[in-house]
Amino acid sequence: MEEYSAIPNVKVQAVSDLMDKNLQHCKDRYNVPVLANDYHDVIKVDSIHAVHICLPNSLHFPACKEALEAGKHVLVEKPITLTSKEGNILVDLAAEKGLTLSVGHIYRFNNALAEVKRLISENFFGRVFLLNLTWTNLEPIFNDRDVIVDLAPHYFDIVNYMLDAWPAKITCVAKPYRQKENPEATYISCEMPNGAIAHAHLNWLSPKKVRSIELVERTGRRSSMRSVKRSRYTNLAIPTSSEWKGTTPSGPSCCISSSPSRTRRPRPGTPVPSA
Ligand SMILES: NC(=O)c1ccc[n+]([C@@H]2O[C@H](COP(=O)([O-])OP(=O)(O)OC[C@H]3O[C@@H](n4cnc5c(N)ncnc54)[C@H](O)[C@@H]3O)[C@@H](O)[C@H]2O)c1
């Protein structure tokens, strides 16, 4: 809501949430005219052009489908759906209706990642050997989601964005620890078509919050194995984006980082800060 309220020519016309206190917050702070407990009531509003779906993952497919069928453009949080079959149905439906269907792969819009992507495309580093992604934090037990479906969409999207390819081979180990069903920790290794390895370490168990991507690349076409030691090395501490002021790294090694602290959205009930 905070972000939308800052965009000119955008008016949030309706919000739905099961919790009344969240709706009250939207009314008090952002003066949203239509408030509903059920998301169907928002999709029904004729004057709405686009919807942002932030529902639990299992509701993404039915809510997106209903919104597209009602002629609305859709921004849906990741994962787009719980199965690729459902995801393809939505993509086809949006194309058929001429509507935009966008998924909240937020790291596409991270300034640090965009800069590294630019450097890769200009062959600044040389050939990519390794991409290591670590996304960890201590989270409560989730009964409605597993760590792969919840966090790996970011990983796969970043790998695709940075390396411009999908994995040729995927290996994965995942386990639940504090419960029986939903994996809470996983290691995913992907072999990319050019031989690079893209690895992800994702869990909700580590006491320290880490969001980092490490990229190891060859410095030049004629480099020998010794050059691995001199590889240009990029370590991104994400996800702040807007404040990062990119400078082009130079020298045999480089480090790009941004503050690991992120701007938190105000919680319902937070007083409006004075200007
Ligand atoms: N892009 C990112 O980095 C990022 C970060 C966090 C969460 N997410 C995604 O955002 C989505 C929401 O995540 P969350 O952690 O806020 O989940 P959550 O379960 O805490 O919140 C979901 C909200 O949906 C509401 N809701 C549930 N059923 C409803 C219904 N039938 N009608 C109306 N409202 C209903 C609930 O009241 C709740 O406020 C998930 O898909 C998650 O994967 C994305």
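Anything mentioned here points back to the structure above.
Residues numbered from 1 in each chain as written. Predicted model: local features only at pLDDT ≥ 70, side-chain atom pairs only at ≥ 80, totals over all residues.

*Asks:* Hey, could you run me through the packing of helix α6 (residues 111-121) against helix α7 (residues 147-163) in this one?
*Replies:* Two measures define how a pair of helices packs: the angle their axes make with one another and the distance between the axes. In the contact formed by α6 and α7, the axes pass within 9 Å of each other and the chain directions differ by 35 degrees. Contacts between α6 and α7 pair Leu-113, Val-116, Lys-117 and Ile-120 from the former with Ile-158, Tyr-161 and Met-162 from the latter. (Axes fitted to C-alpha atoms, helices over the stretch in contact; angles between N-to-C directions. Helix = DSSP H or I, 4+ residues; strand = E, 2+ residues; numbered from the N terminus. Contact = placed C-beta atoms within 7 Å.)

*Asks:* I tried to follow the site of the ligand on my own but got confused; where do I start?
*Replies:* The environment of the ligand is formed by 17 residues, the closest being Ser-16, Leu-18, Tyr-39, Glu-77 and Gly-104. By residue class, the composition of the shell around the ligand is 8 nonpolar, 4 polar and 5 charged. (Near = placed C-beta within 6 Å. Nonpolar A, V, L, I, M, F, W, Y, C, P; charged D, E, K, R; others polar.)

*Asks:* Hey, could you run me through unusual backbone geometry in this one?
*Replies:* Trans is the common state for peptide bonds, and a negative phi is the common state for residues other than glycine. Cis rather than trans, the peptide bond between Lys-78 and Pro-79 has omega equal to -10 degrees. With respect to the helices, strands and loops of the structure, Pro-79 is situated in the loop between β4 (73-76) and α5 (84-97). Although it is not a glycine, Asn-31 adopts a positive phi angle of roughly 55 degrees. Here Asn-31 shows up in the loop between α2 (20-30) and β2 (34-36).

*Asks:* Can you help me understand helix α4 (residues 60-69) in this one?
*Replies:* Turn by turn, an α-helix covers 3.6 residues, leaving residues three or four places apart pointing in a common direction. Restricting attention to buried positions, one finds in α4 the residues His-60, Phe-61, Ala-63, Cys-64, Ala-67 and Leu-68. As for α4, its buried residues are in contact with α3 (39-43), β3 (50-53), β4, α5 and β5 (101-103). In the segment just after α4, Gly-71 is the residue with positive phi, at about 85 degrees. (Buried ≥ 20, exposed ≤ 12 C-beta atoms within 10 Å, placed from the backbone.)

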